[in-house]
Amino acid sequence: SRNRDLHRLQLPVHFDSDLGAWQLEGYIAPGISTSSNVMDDLSGLASSDDLIVTGRVRLQQTRAGRTWFAGIAYDRRFGKPRGYPVAGLEFDPGSNVHVRLAFPDPGVAIDISERQSIQADIYPAGHQWHVVSDDLSSDFDYRVEAWRGQLTWRLPIWRMLGLDISAGYEFAREHQLSSDAGIQLDIDIRDQWFVGIGFRMGAAPALKTHGAWL
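Only a predicted model underlies this, so the values are computations on that prediction, with no experimental measurement involved.

Student: Before we move on, can you summarise the side chain of Thr 34 with the specific residues and values?
Tutor: Tracing the backbone through its elements, the reader meets Thr 34 in strand E3 (residues 22-35). Here Thr 34 falls in the buried class, since its relative accessible area comes to 0%. In terms of polar contacts, Thr 34 uses its side chain to reach the backbone carbonyl oxygen of His 130, at 3.1 Å. In this structure, Thr 34 is in contact with Asp 5, Leu 6, His 7, Met 39, Asp 50, Trp 129 and His 130, ignoring residues within four places of it in sequence.

Written as structure tokens, this is what we have:
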């Protein structure tokens, strides 16, 4: 009696501004996070519970080749809508190496040629969907908590078109949902390997699961 498919569609809009010694940058990403039966009939079944807005804004300053930044994010990466601080340091210990020491998503990128690179990241990989049962008689939030270690190979295809091939490991996984009997379930899920593929235009950043573009 439950709809088993979950969907998320977001359209991120990036912005940045020069504030003298500081730079302001971020994004806002409105979208929909819901079950497939609602997705099939958005005009008739969608409600405000299906709509989401996530985003991040940060101030940064570069000194002696090191970029310090701090800001705030609001999204569902920890399994439910919440705001949290972001802060860290970015620097290049070598001509082809970029290091990001940051909360909650540290990482390192290595350029292996002018247009190819390898990127390693650790980040929270949770999300929350609004789910409506097949008979439309009930609804509940489906929440996922997890962390991911991800390795991404970024390479060109043609002109401005690029390809991202990813593989990694998802751990500390937990699912929270309602059973067919209406009982709230909180379930630990075993760790899992994963692979992914994505296309991008130009220098677009690598996409991480459930939306994180900075």
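Having put the structure on the table, let's press on.
Student: How would you summarise the side chain of Glu 90 if you had to cite specific residues and measurements?
Tutor: By secondary structure assignment, the location of Glu 90 is in strand E6 (residues 82-94). One polar contact links Glu 90 to Arg 100, side chain to side chain, over a distance of 2.7 Å. Excluding residues that lie within four positions of it along the chain, Glu 90 makes contacts with Arg 58, Gly 65, Arg 66, Thr 67, Phe 69, His 98, Val 99 and Arg 100.

Student: How would you explain the pairing of strand E8 (residues 107-111) if you had to name every residue and give the values?
Tutor: Across 4 bridges, strand E7 (residues 97-103) lies against E8 in antiparallel orientation. Across the sheet, residue Val 97 finds its bridge partner in E8, namely Ile 110. Counting the residues between successive antiparallel strands, the hairpin from E7 to E8 contains 3 residues. Note that E8 and strand E9 (residues 117-124) share 5 bridges and pair antiparallel. In the sheet register, Val 108 faces E9, and the bridge partner there is Ala 120. Two successive antiparallel strands, E8 and E9, enclose a turn made up of 5 residues.

Student: Describe the pattern of salt bridges, listing the residues and the values that go with them.
Tutor: For the coordinates displayed, the defined rule picks out 10 salt bridges. The partner of Arg 77 in a salt bridge is Asp 105, and the shortest N-O contact between them spans 3.6 Å. You can see Arg 77 sitting in the loop between strand E5 (66-75) and E6 and its partner Asp 105 sitting in the loop between E7 and E8, a full 28 residues away along the chain. Classification of Arg 77 by relative accessible area gives buried; the value is 1%. Across the pair Glu 170 and Arg 148 runs a salt bridge whose closest N-O atoms are separated by 2.6 Å. Linking Glu 170 in strand E12 (residues 161-178) with Arg 148 in strand E11 (residues 139-158), this pair joins segments that are 22 residues apart in sequence. By sharing partners, the salt bridges in this structure join Glu 25, Arg 56, Arg 58, Arg 77, Glu 90, Arg 100 and Asp 105 into a single network.

Rules used throughout
Residues numbered from 1 in each chain as written. Predicted model: local features only at pLDDT ≥ 70, side-chain atom pairs only at ≥ 80, totals over all residues. Heavy atoms only, no water. Helix = DSSP H or I, 4+ residues; strand = E, 2+ residues; numbered from the N terminus. Buried < 20%, exposed > 50% of the residue type's maximum accessible area, 1.4 Å probe, protein only. Polar contact = N/O pair within 3.5 Å; in protein donor to acceptor, adjacent residues only side chain to side chain. Contact = heavy atoms within 4.5 Å. Pairing = 2+ DSSP bridges. Salt bridge = Lys/Arg side-chain N within 4 Å of Asp/Glu carboxyl O.

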